[in-house]
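# Structural overview for review
Here's the letter readout for the chains.
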Amino acid sequence: MADFDAIVVGSGITGGWAAKELTERGLKVLMIERGRPIEHRSGYTTEHLPPWEIPLRNFQDRQLNASDYPIQSQARGFDATNRHFWNNDRENPYVQAPGQPFNWLRADGVGGRSLLWGRHCYRWSDLDFTANKRDGHGNDWPIRYRDIEPWYSHVERFIGISGQAEGWAHLPDSVFQPPMQLNVVEKAFKTRLEAAYSKRRVTIGRVANLTEPLDERASCHYCGPCQRGCSAGAYFSTQSSTLPAAMKTGRLTLITHSVVESLDYDPKSKRISGVRVVNTQDKRRHKFTAKLVFLCASTFASLQVLLNSRSESHPTGLANSSGTLGRYIMDHLHGHGATGTMPGFDNKYYVGNRPNTFYLPRFRNLDDGKTEADFLRGYGFQGAAAPIDWSSNWQRMPGFGADYKRALRKPGGWRIFMLAFGECLPYADNRVSLDEKRDRFDIPQLRFEVTYRDNERRMGEDIVRESVAMFKAGGATDIKPYTSAYTPGTSVHEFGGARMGRDPRESVLNEYNQAHDVANLFVTDGACMASGSCVNPSLTFMALTARAAAYAVAELQANKI
Amino acid sequence: MMLAALGAGQLLSRLAEAADSSLPVSSSAAVFTEAQRQKVAQLAEIILPSTDTPGAIAAGVPAFIEQMVREWYTPAERRSFLEGLDELDRSCATRYGKAFLECTGQQRMVVLMEMDEQAHAYHSSGGRIFDAPDEHAPFLLKFKQLSVAGYYTSQIGATQELSYNPVPNRYEGDVDFASAGGRQWSF
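Okay, so let's go over this structure. (Residues numbered from 1 in each chain as written. Chains lettered and ligands numbered in written order. Predicted model: local features only at pLDDT ≥ 70, side-chain atom pairs only at ≥ 80, totals over all residues. Heavy atoms only, no water.)

## Details of the interface of chain B and chain A
Each side of the interface is counted separately: chain B has 72 residues, and chain A has 42 residues. Buried area between chain B and chain A, both sides added, is near 5600 Å², and the carbon and sulfur share of it is 59%. Between chain B and chain A we count five salt bridges in total. Linking A:Arg409 and B:Glu161 is a salt bridge whose minimum nitrogen-to-oxygen distance equals 2.6 Å. Put simply, the parts of the chain that give the side of chain B that touches chain A at least two residues each are helix H2 (34–47), helix H3 (61–72), helix H5 (105–121), helix H6 (139–152), helix H7 (155–161) and strand E1 (172–176) of chain B. When residues of the side of chain B that touches chain A are assigned to their parent elements, the largest contribution, eight residues, is made by H6(B). Among the residues forming the side of chain B that touches chain A, the class breakdown is 36 nonpolar, 23 polar and 13 charged. (Contact = heavy atoms within 4.5 Å. Buried area = accessible area lost by both parts, 1.4 Å probe. Salt bridge = Lys/Arg side-chain N within 4 Å of Asp/Glu carboxyl O. Helix = DSSP H or I, 4+ residues; strand = E, 2+ residues; numbered from the N terminus. Nonpolar A, V, L, I, M, F, W, Y, C, P; charged D, E, K, R; others polar.)

## Observations regarding the packing of aromatic side chains
Enumeration according to the criterion identifies 42 aromatic pairs over all chains in this entry. Where A:Trp117 meets A:Phe236, the ring centres are 6.2 Å apart and the plane angle is 85°; that geometry is what we call edge-to-face. Of the two residues, A:Trp117 is situated in the loop between strand E3 (95–96) and helix H3 (126–129) and A:Phe236 in the loop between strand E4 (203–204) and helix H7 (238–248); the sequence distance between them amounts to 119 residues. For the pair shown, A:Trp117 and A:Phe236 are each scored as buried. One aromatic cluster in this structure is built from A:Phe59, B:Phe32, B:Phe64, B:Trp72, B:Tyr73, B:Phe81, B:Phe130, B:Phe139 and B:Phe143. Taking the ring centre of B:Trp72 as reference, the NZ or CZ of A:Arg62 above it sits at 4.1 Å. Just above the ring of A:Tyr427 sits the side chain of A:Arg453; from NZ or CZ to the centre is 4.5 Å. (Phe/Tyr/Trp six-rings, centres within 6.5 Å; stacked < 30°, edge-to-face > 60°. Buried < 20%, exposed > 50% of the residue type's maximum accessible area, 1.4 Å probe, protein only. Lys NZ or Arg CZ within 6 Å of the ring centre and 35° of its normal.)

This is the structure in structure tokens:
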């Protein structure tokens, strides 16, 4: 008799969804979280701190960052007010192959990165689902847009996404709440850009921040620092949304401080027979049993569990008869774009700190015979215009004294910037595996070997060229490109390692995220992805999770699992 | 330009008033001598003086600078900062045969204006207020960074000199700066 109907590993974006869907469909669920409890509201200890109460006024604790957060401190938005949500690199290290740096950016606590994410949500189109088939890199997705479309709607109605319906084929509209505004400078950029490039467009970002109340969640207050946590529940996180829904069913048990070490496989039943857990506080080991296991620990953590679940039946890792487990790792090419000054708006300003950017969708390689570039796949931009405030202007302005102080009262003109997210190809040699080094629980550390190649390099060059050209067309001056070399992982958009596919000889999961080899194992976080698209992935992860949960419950009830 | 030349008595009373700024009292050893502390306070007040809103001393900037030099600077950066304070005296001595604290307000201005020209001409690798100090940057630029950061994140700076609106409840992307109050948002 199993302890639970289902075990969900991880409480982040996908874990929370698995817990909600499975409990709402009648299952008794155990959700296992590696990190500490973080309660909605009371856990957001820095949320309302005014600047003068932040330690060192939010100057970075450089010593602590260097000793404990050398990787995590490179994450966009990492600072002293949200550091406590991020993974401690000294306590929980990983291995990077020599010459192949990889930034594994992750959280540690209930909610995972759902407390820290940028909240952008974009649907895939069939341009994305057919990409592997069309250019031959990676394997063909076993699903198409029509398979996931109802699940996108299902997720969007629950989480709330604000955005502007545009009717674009390659960036399908979501179910939207009212859009946030572009500011006056962004509107001018949009007008000028669209006049100069008839096929290119700018829209307001599609973000999981509410512009209208939804259930018990309030709409956004425009305070600014979402990553400290939001007691109003205005952005989607496990804490604000999926966890309360799951708890309401009375069928969820959540345990924290518990890292899943491996899964036991029973060769007779060909099922997972146990989930082995190590308590991170007392190092004691426990085992839980369930009929179903949903691995939602985040891409690399889930892969680590599968790789570490070696047995006689699965000598190279659980569910790895194809040999593809750990391979075809991708993230998004990031860090390329441009910035410039937008003259002529000196008397213009704004009210409120908008937790959003503009979005400039992919215009390369649209499979229309007109948009081919010297590389495959494509990229899209997030960007924003903002006044140059005192924190930058202090150095641009000479002088000191009363005149200097008076001048610092006013912003110094407007700047605009944009950065692209680019689709990286799936390469078999981009992989994670288990290292010989062990962590503090005697679990083998994860080893990364990821390098980007020609296609990514050419894409990066195109991004820079086009950013500069588009800003010129938009009326910007003093344009500076962002061109620094990209360390894989830094985008925090992670994919691959346990890819979906029709053929069990070349994939780990089937079209329902179910392991080909292990009928009661589902993997629905980024590990399942056969390709990465160029759009922010969390919405797709959530939709795949909800779809897989519905399928898993139906199969369970039909005694097929 | 208004010259604020503070006598020792005025200076000490202003420091006392500002002492209940929300900076925690650190138990570690003081990093400034009394003379250095006075120089820091005077210099900060010259950079961001009392105008129609309080200046750097009232806003607790000297204590913030001392905390940053003590807790945030590396030993090398601390040494460089203290050398910079000494250099300030040397520049005054070269021109006027007196240390900075003994110079008149007018004399200090002449020395500082020269230093500021250098500071402004320097193209620092950073520029954003929370960046780590550029070790090759002129002393006055580094001092300005700490003064500006300490002032505009202080309660006085953020709420009186700038506009403070932590829960705006709306986003409007096209307003006239004057109608928004004529002061930029503190964050």
